[in-house]
Amino acid sequence: MHHVSLNLTDLVISLLRGTMRCDKTDDVADWAWACLADDDTWDAHGALVADATKYLPGSFGRPPRNPAEKINSGYKAWEYLYYVFGLLPGLLWATQKPLFHAHFCKLVAGVRVALLLVIPVDRRQRAHTLLLEFVKEFEEMYYQRQIDRIHFIRQSLHTLIHLIAEGLRAGPACLYSQWVLETLIGNLSAEIRSHVELFANLSNRATRRSQTNALFSMFPELAPITDALPMGAIDIGDDFVLMRARDRRPRLVDNAETEATRTYLDGTLGLDIGTWRPAIWKWAHVRLPNGQIARTAWKECAGEARGNAVRRSRMVKVFTVVYWLKDQRFAEVQYFFRLGVSDEQTLDLAMLSVFTPPDPAILRETQDVLLACRYQGGQSREVVDIKEIVSVVAMVPLPRHREEADDPQSDALYLDRFFAVEKLGLDMVWFGREDVAEEVDNFDGDDE
């Protein structure tokens, strides 16, 4: 927790801001990497971070605040984590020099893998190699073997060499990180009711918590029911739950969505439905097996139009297998719906607007860290099985380079370009949880 979320992030931000201690024999003006040293640039960058809040789903937890205003005002470790390893690769794309940006992306790629609970062998080796290269190149690009910069080489930098390798010996980092203990401290502190005998009350609450957990372990039937479905929800299998709001009546869909439905039915079931035009009930939410709630443009766009502070949870990662070919894409969920094709079979489907594939050139430059896709809006409609949705992601607007902004064809080439941010350490966050309650953010009471 402290290594990745606090120590490394402090090193990165200090270098970008040019606030690292500078000896008399050195000059900050020579620090080509300090792209955020100018106050105006720093303020503009902070505004971008603050504006990204609405694009981060509620399941991501506390979003990073404007660092130009709040970084010295109790900035949380979780905020640092998402600011540096989630948003910064995209927000620095138009500001930082390519050499330093590519170097920073090696750190991000390695840390994102280290945060996972289950790390595939091929990703472990690649992450370890990238972190080794980052440390070596850091000494060449920043420290440059200068005595007056030796304080750049902090212990947190050296620890990166062992971050992946130690996982083989000590297990996933989540098992010995500080997150669990910090959460327990916060929970127990919230239960304190006596400010006169503070520590006696805290000890009593911890004892009662331990006794309760012991009873639940010995007699599981005493534990409260946690897998009850919300009112009106439908368990559609494989830990997917379809949840309201639901449309009050079936409605005919437009031509593009009708064609997308026909294409799916013809390709999946071989049904020739001719000129049939479906009338469907729209559903607003689906709870995924990882506990996240996937929402829809149908409800969220209505909330945004009313001026609500919506944190978008309608962008998803979709995993499809077609003839042994694996395809991973990002898409915006328009709505969910059910389609009965026989008395025995009902299809649970999602209407999507699919983003374009990530820009391959940017992928190569950033070690597959910056997934830059273009939003196609109404030009794209595709129907998929709900169970092909893997997770809820954030799609954040990608700033343009100066050269891109000056291009006469700038809007045609770079308009509606977003970069993907996935929930960091997703399998670590949901480890040990069978189910979670429905999120309360963005709640819309317009149920049937």
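For the structure itself, consult the block above.
Residues numbered from 1 in each chain as written. Predicted model: local features only at pLDDT ≥ 70, side-chain atom pairs only at ≥ 80, totals over all residues. Heavy atoms only, no water.

**A word on the overall build of the protein chain**
The condition is simple: Per the convention used, a helix needs a DSSP run of H or I reaching at least four residues, while a strand needs a run of E reaching at least two, with both numbered from the N terminus. As a reference, a globule follows 2.2 Å times the number of residues to the power 0.38, and the radius of gyration itself is taken over C-alpha atoms. Burial here depends on accessible area, computed with a 1.4 Å probe over protein chains only, as a share of the maximum for the residue type. Under 20% is buried, over 50% is exposed, and the range in between is partly exposed. The criterion used for residue contact is that any of the two residues' heavy atoms lie within 4.5 Å. Here the accessible surface of atoms and residues is derived via Shrake-Rupley with a 1.4 Å probe, and residues count as covered only by protein chains that are part of the display. The positive count covers Lys and Arg only, the negative count covers Asp and Glu only, and His and the chain ends enter neither. Working definition for charges: the position is that of NZ of Lys, CZ of Arg, CG of Asp or CD of Glu.
Along its length, the protein chain carries 16 helices and 14 strands. Whereas a compact globule of 448 residues would reach a radius of gyration of roughly 22 Å, the protein chain reaches 25 Å, a difference of no more than 12%. Overall, the protein chain is about 80 × 70 × 45 Å in size when its C-alpha atoms are taken along their principal axes. Buried residues in the protein chain amount to 45% of all 448 residues. Taking the intrachain contacts of the protein chain between residues at least 6 apart in sequence as the baseline, contacts between residues at least 24 apart amount to 65%. Within the structure as shown, the protein chain displays about 23300 Å² of accessible surface, and the carbon and sulfur contribution to it stands at 53%. Averaging the positions of the 51 positive and the 63 negative side-chain charges in the protein chain gives two centres separated by 3 Å.

**Regarding the sheet that holds strand S14 (residues 417-421)**
Rule in force here: Here the rule is simple: two strands pair whenever DSSP picks up at least two bridges between them. Lines fitted to C-alpha atoms define the axes here, with helix axes fitted over just the stretch in contact, and angles between the N-to-C directions of these axes take values from 0 to 180 degrees.
The strand order across the open sheet formed by 3 strands is S10-S14-S13, and the pairing between neighbours is antiparallel. In the strand order of this sheet, the two ends are held by strand S10 (372-374) and strand S13 (394-397), each with one partner. Geometrically, the sheet is characterised by an average inter-axis angle of 45° between neighbouring strands, direction not taken into account. Against the sheet, helix H4 (residues 77-91) engages S13 and S14, with an angle of about 160° to S14.

**Details of the pattern of salt bridges**
Basically, it comes down to this: A side-chain nitrogen of Lys or Arg and a carboxyl oxygen of Asp or Glu constitute a salt bridge if their distance falls within 4 Å.
The final tally for this structure, using the stated rule, is 25 salt bridges. Among the ionic pairs, Asp238 bridges to Lys387, the shortest N-O distance being 3.3 Å. Taken together, the residues Asp238 in the loop between strand S1 (234-237) and strand S2 (240-246) and Lys387 in the loop between strand S11 (382-385) and strand S12 (389-392) connect sequence positions 149 residues apart. Looking at Asp238, the relative accessible area reads 57%, which means it is exposed. Of the charged contacts in the structure, one is a salt bridge between Glu422 and Lys317, with a shortest N-O distance of 3.4 Å.

**Details of unusual backbone geometry**
With an omega of 25°, the peptide bond between Arg244 and Ala245 qualifies as cis. Its location among the elements puts Ala245 in strand S2. Residues other than glycine seldom take positive phi values, yet Asp238 does so here, at roughly 60°. Not every positive phi belongs to a glycine, and Asp239 is a case in point at roughly 70°. With respect to the secondary-structure elements, Asp239 resides in the loop between S1 and S2.

**Overview of the pairing of S2**
Burial of S2 is extensive: 6 of the 7 residues sit out of reach of the surface. Two elements, S1 and S2, share 3 bridges in a ladder whose sense is antiparallel. Within S2, the residue paired with Gly237 across the bridge is Phe240. Linkage of S1 to S2, two consecutive antiparallel strands, is achieved through a turn of 2 residues, within which Asp238 is found at a positive phi near 60°. Sheet analysis places S2 next to strand S5 (residues 283-287), joined by 4 bridges and oriented antiparallel. The residue of S5 that forms the bridge with Arg246 is Trp283.

**Observations concerning helix H2 (residues 39-51)**
Rule in force here: What a helix is expected to span follows from its residue count: subtract one and scale by 1.5 Å. The arc under discussion is defined with respect to the helix axis, by the directions toward the C-beta atoms. Two N or O atoms form a polar contact when they lie within 3.5 Å of each other; inside protein one atom must be a possible hydrogen donor and the other a possible acceptor, and for residues adjacent in sequence the pair counts only when both atoms belong to side chains.
For H2, built from 13 residues, the straight-helix expectation of 18 Å at 1.5 Å per residue is met to within 8% by its first-to-last C-alpha distance of 18 Å. What H2 keeps buried is the set Trp42, His45, Gly46 and Val49. Summarising the axial view, the buried residues of H2 lie within an arc of 100°, below the 170-degree limit, and thus occupy one face. Tucked into the core, H2 has its buried residues touching helix H1 (2-17), helix H3 (67-70) and H4. One side-chain oxygen at the N-terminal end of H2 lies 3.1 Å from the backbone nitrogen of Asp40; it belongs to Asp38.

**Considerations on the packing of aromatic side chains**
Filter applied, for reference: Any Phe, Tyr or Trp ring, taking Trp's six-membered ring, that has another such ring centre within 6.5 Å forms a pair; planes under 30 degrees apart are called stacked, those over 60 apart edge-to-face, and the others tilted.
This model, assessed by the stated rule, comprises 16 aromatic pairs. Look at Trp33 and Phe152: their rings are 6.1 Å apart centre to centre, the planes differ by 85°, and that puts the pair in the edge-to-face class. Within this pair, whereas Trp33 is found in the loop between H1 and H2, its partner Phe152 is found in the loop between helix H6 (121-143) and helix H7 (155-163), the two being separated by 119 residues in sequence. A single burial state applies to Trp33 and to Phe152, both of which are buried. Cluster of aromatic residues (ring-pair linked, three or more members): Trp31, Trp33, Phe100, Phe134, Phe138, Tyr142 and Phe152.

**Focus on the side chain of Thr9**
Among the secondary structure elements, Thr9 is positioned in helix H1. Here Thr9 falls in the buried class, since its relative accessible area comes to 0%. Among residues more than four places away in sequence, those in contact with Thr9 are Val4, Tyr80, Val84 and Phe85.

**Some remarks on the packing of H2 against H4**
The cut-off we apply is this: For any helix crossing, the convention is left-handed if the near helix is rotated counterclockwise from the far helix by under a right angle, and right-handed if that rotation is clockwise. Residues are grouped as follows: Ala, Val, Leu, Ile, Met, Phe, Trp, Tyr, Cys and Pro are nonpolar; Asp, Glu, Lys and Arg are charged; all remaining types, including Gly, are polar.
Their axes nearest at 11 Å, the elements H2 and H4 cross at an angle of 115°. The two elements H2 and H4 cross, and the hand of that crossing is right-handed. Residue-level contacts link Trp42, His45, Leu48 and Val49 of H2 to Tyr83, Leu87, Leu88 and Leu91 of H4. Broken down by class, the residue content of the contact of H2 with H4 amounts to 7 nonpolar, 1 polar and no charged.

**Regarding the environment of Glu139**
With respect to the secondary-structure elements, Glu139 resides in helix H6. Residue Glu139 is classed as partly exposed on the basis of its relative accessible area of 26%. If near-sequence neighbours (up to four positions away) are discounted, Glu139 is found in contact with Gln144, Arg145 and Ile153.

Shape is all these values report; function is a separate question.
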